[in-house]
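Tertiary structure, described
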Amino acid sequence: MNQLPLSKKSQTFIKNLRIYLFSCGKKTNEIDEITDELEVHLYEAEKENKSVEHIIGSSPKEYMEQISGEMSFDVRGWAKYVPIIILGAFSGIVLKDIVFGGFQYSLVELIGYPLVCILLLLAYMWTFRHISSNNFAKSKEFFFFGLASFLSMALFLGLMFLPNYIESPIIMLGYYGNLIVASMAISFLIGISIWSKTIVSIVLPIFYIVPEYLLGLTDFSAGNQLWISTLIMYALIGAYLFFEMKRTSTAAK
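None of the values given here were measured: they were computed from a predicted structure.

We now examine the overall build of the chain. Broken down by element type, the chain carries ten helices and two strands. The linear arrangement of helices and strands in the chain, starting from the amino end, is α-α-α-α-α-β-α-α-β-α-α-α. Long-range contacts, defined here as pairs at least 24 residues apart, represent 74% of the contacts in the chain between residues at least 6 apart. Carbon together with sulfur atoms contributes 67% to the accessible area of the chain, which is approximately 15,600 Å² in total. The centroid of the 19 positive side-chain charges in the chain is displaced by 4 Å from the centroid of its 21 negative side-chain charges.

A few words on the packing of helix H1 (residues 8-23) against helix H4 (residues 60-69). Their axes nearest at 10 Å, the elements H1 and H4 cross at an angle of 45°. Judged by the angle between their axes, H1 and H4 are oblique. Once H1 is placed against H4, the crossing between them reads as right-handed. Listed contacts from H4 to Phe 13, Asn 16, Leu 17, Tyr 20 and Leu 21 of H1 are Pro 60, Tyr 63, Met 64, Glu 65, Ile 67 and Ser 68. Here the residues of the contact of H1 with H4 are counted per class, giving eight nonpolar, two polar and one charged.

All right, on to helix H5 (residues 75-99) then. The terminal C-alpha atoms of H5, which comprises 25 residues, lie 36 Å apart, in line with the 36 Å expected from a rise of 1.5 Å per residue. Three or more residues of H5 are buried, namely Gly 77, Trp 78, Tyr 81, Ile 86, Gly 88, Ser 91, Gly 92, Ile 93, Val 94, Leu 95 and Ile 98.

Per the stated rule, a full pass over the model turns up nine aromatic pairs. Look at Tyr 175 and Tyr 176: their rings are 5.1 Å apart centre to centre, the planes differ by 80°, and that puts the pair in the edge-to-face class. For the pair Tyr 175 and Tyr 176, one class covers both residues: exposed. In this structure an aromatic cluster arises from ring pairing among Phe 90, Phe 103, Tyr 105, Tyr 113 and Phe 156.

Attention now moves to the side chain of Ser 229. Its location among the elements puts Ser 229 in helix H10 (residues 222-252). One polar contact links the side chain of Ser 229 to the main-chain carbonyl oxygen of Gln 225, over a distance of 2.8 Å. Among all residues touching Ser 229, those that are not within four sequence positions of it are Pro 211, Glu 212 and Leu 215.

With that out of the way, let us pick up the nonpolar core. Counting residues in hydrophobic clusters, the biggest one holds 20 residues, and the most contacted among them are Val 94, Leu 95, Ile 98, Phe 103, Tyr 105, Tyr 113 and Phe 207. Counting residues per element, the ones that place at least two in this core are H5, helix H6 (107-132), helix H8 (175-196), helix H9 (200-215) and H10. Residues contacting Tyr 113, with those up to four places away along its chain left out, are Phe 90, Ile 93, Tyr 105, Phe 156 and Leu 159. Listed in part, the 16 residues of the second largest apolar core include Phe 13, Ile 14, Ile 67 and Met 71.

Rules and cut-offs
Residues numbered from 1 in each chain as written. Predicted model: local features only at pLDDT ≥ 70, side-chain atom pairs only at ≥ 80, totals over all residues. Heavy atoms only, no water. Helix = DSSP H or I, 4+ residues; strand = E, 2+ residues; numbered from the N terminus. Contact = heavy atoms within 4.5 Å. Areas by Shrake-Rupley, 256 points an atom, 1.4 Å probe, with all protein chains shown as cover. Lys, Arg positive; Asp, Glu negative; His and termini not counted. Charge placed at Lys NZ, Arg CZ, Asp CG, Glu CD. Axes fitted to C-alpha atoms, helices over the stretch in contact; angles between N-to-C directions. Parallel < 35°, antiparallel > 145°, perpendicular 65-115°, else oblique. Left-handed = near helix turned anticlockwise from the far one by under 90°. Nonpolar A, V, L, I, M, F, W, Y, C, P; charged D, E, K, R; others polar. Expected span 1.5 Å × (residues − 1). Buried < 20%, exposed > 50% of the residue type's maximum accessible area, 1.4 Å probe, protein only. Phe/Tyr/Trp six-rings, centres within 6.5 Å; stacked < 30°, edge-to-face > 60°. Polar contact = N/O pair within 3.5 Å; in protein donor to acceptor, adjacent residues only side chain to side chain. Core = buried A, V, L, I, M, F, W, Y, C linked by side-chain atoms within 4.5 Å.

Take it as geometry only, folks, not as evidence of what the structure does.
Spelled out as structure tokens, the structure:
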């Protein structure tokens, strides 16, 4: 949160710089130090009626790349984040499958899901980095987020059909096994929410479980249920992200 009375342009640049550096894998405490120091420089410049460009130069992207190049990659931090992100995503997927039929995965899927999560993590990091370092219109920002969402859907759908072409052992659980795994998944998602101090790990599974469950109670065909629930899911996720961005932007003022 900005403590100094900066212009909207300066506030936006600092917010984008934080997003850029985080998506480059930099340490959170170093990001705080850099942005706090920059905040002071921008405040002093604005008191003398100087523009943001007087401090960062004519190219915000080059400035961000320069700052990023001077900082080390947070190996220990991301060694912690990546497993949590993968396990969190897989917990939501497992919970959904247990609700709609039970734990039943081929070895291909158990190997594929972590790989897909890593690819999507890299894709979203690139998306945030690209958007934060360029002064895009909102329509273009939504376009890039749409591409990332499409990639997400395509990879998971591809993984869903992959076992039809590659034979591998299938792991199934009984009633009590499903109950134990579901309890572990819910506990892990709640734990992530407490650790990260956000509710995203709780609301996202709700978004892709509840619409499909409710549509399953209707007379729609299986195909219609699938695409309608998918549209509702992405609409809810988009609305949630938009709300969070507006809330964060308001809090930064």
